[in-house]
Amino acid sequence: MAVLLKLGVLCSGQGARALSLRSRAVRPAFVSAFLQDQPTPGWRGTQHIHLSPSHQSGSKAASLHWTSERVVSVLLLGLIPAGYLNPCSVVDYSLAAALTLHSHWGIGQVVTDYVHGDALQKATKAGLLAVSALTFAGLCYFNYHDVGICRAVAMLWKL
Amino acid sequence: MAALLLRHIGRHCLRAHLSSQLCIRNAAPLGTTAKEEMARFWNKNTSSNRPVSPHLTIYRWSLPMAMSVCHRGSGIAMSGGVSLFGLSALLLPGNFESYLMLVKSLCLGPALIHAAKFVLVFPLMYHSLNGVRHLMWDLGKGLSISQVQLSGVTVLVLAVLSSAGLAAI
Ligand code: HEM
Ligand code: HEM
């Protein structure tokens, strides 16, 4: 329990900081691997190029997606202690949304890494979208017609 | 871990091999977006037709590496579990309580119940705590090798302790 509480505290601080991620020059590792904005001794070719997202029109979408992934992770992190401390339908539906979105993006990353070939990857992503949509529908159905996620966990733990 | 590796490899290999080309390409910085850079990277990568990296069997295992694999593994497993739960809510007859009653009627011993609870919470605790570690890295904190090692051990210890605590409830 103490751990859960601590996570909650951590999370509220983290939320604010994660939201300010974009203003600090933090980018997906992938981009930073070959776009550098740090001075490099012995090689001055790119030194004057400032690559933080705010200076790059056109690359906003990728960076915004990356930031959104972190924001959803932080939200999910906060929702877990929230579900324990204040089990209610707001938390139930927020959990349904955050769980599905975080999983959808997470598995999407895995598909990007391991499924090769344009057509196959497109098909897999379409399948993933279908599964995620059904999962979200299922969780909402459970929240509406059954006991809801928070109470379900509580009941399970009473066993 | 992956980000570190990639950054490391990117900084060293790409610079060594492509520095002259990159120099010329990046000479007109306002004309290139990160998107175009990515497209160029992927075009080059696909056209060179190399085998898929990494070649898993040639690396010596380390704690951060194993933890990275487990983060992905636990994420995939929990996503599978959540989807299974959601789909069952849609498809299976009977409500949640009826299934709980079914489990109750099996009269599993307390040891088995607590063990099952541990198996359920451990991936969540591990992935959540390690997720915080990832988020710290994303803020640019704790990226030195010794810090990565220390935070890794911390996450493991906290994950085991918190899971044991929650399973005992
Ligand atoms: C509640 C706290 C959680 C936090 C803080 C968290 C955080 C994260 C973070 C930061 C990543 C990105 C890792 C990277 O940069 O490579 C990630 C990946 C992922 N998460 Fe979570 N997560 C949490 C819970 C969950 C849950 C409950 C699930 C499943 C239902 C889940 C499924 C996944 C999946 C599938 C991935 C992708 C794995 C990968 O790309 O390696 N996460 N998580
Ligand atoms: C035996 C060695 C390796 C293992 C076990 C391994 C394992 C993993 C795992 C489990 C992930 C997903 C989880 C995460 O992001 O933390 C990952 C991501 C990744 N790995 Fe590796 N990896 C290895 C070596 C490498 C090498 C040598 C490279 C580059 C040449 C590489 C590049 C990447 C990239 C680009 C990602 C995605 C990064 C991200 O989404 O955060 N990996 N690796």
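Computed from a prediction, not measured in an experiment: that's the story for all the values here. (Residues numbered from 1 in each chain as written. Chains lettered and ligands numbered in written order. Predicted model: local features only at pLDDT ≥ 70, side-chain atom pairs only at ≥ 80, totals over all residues. Heavy atoms only, no water.)

**Focus on the overall build of chain B**
Across its full length, chain B holds six helices and zero strands. Sequence-ordered secondary structure for chain B, helices as α and strands as β, is α-α-α-α-α-α. The buried share among the 169 residues of chain B stands at 28%. The contacts of chain B with a sequence gap of at least 6 include a subset with a gap of at least 24, amounting to 78%. Summed over all atoms, the accessible surface of chain B reaches about 10500 Å², with 73% contributed by carbon and sulfur. (Helix = DSSP H or I, 4+ residues; strand = E, 2+ residues; numbered from the N terminus. Buried < 20%, exposed > 50% of the residue type's maximum accessible area, 1.4 Å probe, protein only. Contact = heavy atoms within 4.5 Å. Areas by Shrake-Rupley, 256 points an atom, 1.4 Å probe, with all protein chains shown as cover.)

**Quick look at the overall build of chain A**
Across its full length, chain A carries six helices and zero strands. Ordered by position from N to C terminus, the α and β elements of chain A give α-α-α-α-α-α. Counting every position in chain A, which comprises 159 residues, the buried fraction comes to 43%. Pairs at least 24 residues apart make up 62% of the contacts formed inside chain A by residues separated by at least 6 positions. Counting only carbon and sulfur atoms, one obtains 67% of the accessible surface of chain A, whose full area is about 8400 Å².

**With respect to the UniProt feature "transmembrane region" (unreviewed entry) in chain B**
Residue and element names in this part refer to chain B. The feature "transmembrane region" (unreviewed entry), as given by UniProt, occupies residues 75-94, 106-126 and 146-168 in the numbering adopted here. Structurally, residues 75-94 is divided into 85% helix and 0% strand, and its ends, taken at the C-alpha atoms, are 28 Å apart. Within residues 146-168, the helical portion is 100% and the strand portion 0%, while the C-alpha atoms at the span's ends are 33 Å from each other. (UniProt positions renumbered as here; feature names shortened; annotations may be inferred.)

**Re the packing of aromatic side chains**
Scanning the entire structure with this criterion turns up six aromatic pairs over all chains. Judged by centre distance (5.1 Å) and plane angle (80°), the ring pair of Phe41(B) and Trp42(B) falls under edge-to-face. Residue classification places Phe41(B) among the partly exposed residues on the basis of a relative accessible area of 24%. Three or more aromatic residues joined by ring pairs form one cluster here, namely Phe142(A), Phe85(B) and Phe96(B). (Phe/Tyr/Trp six-rings, centres within 6.5 Å; stacked < 30°, edge-to-face > 60°.)

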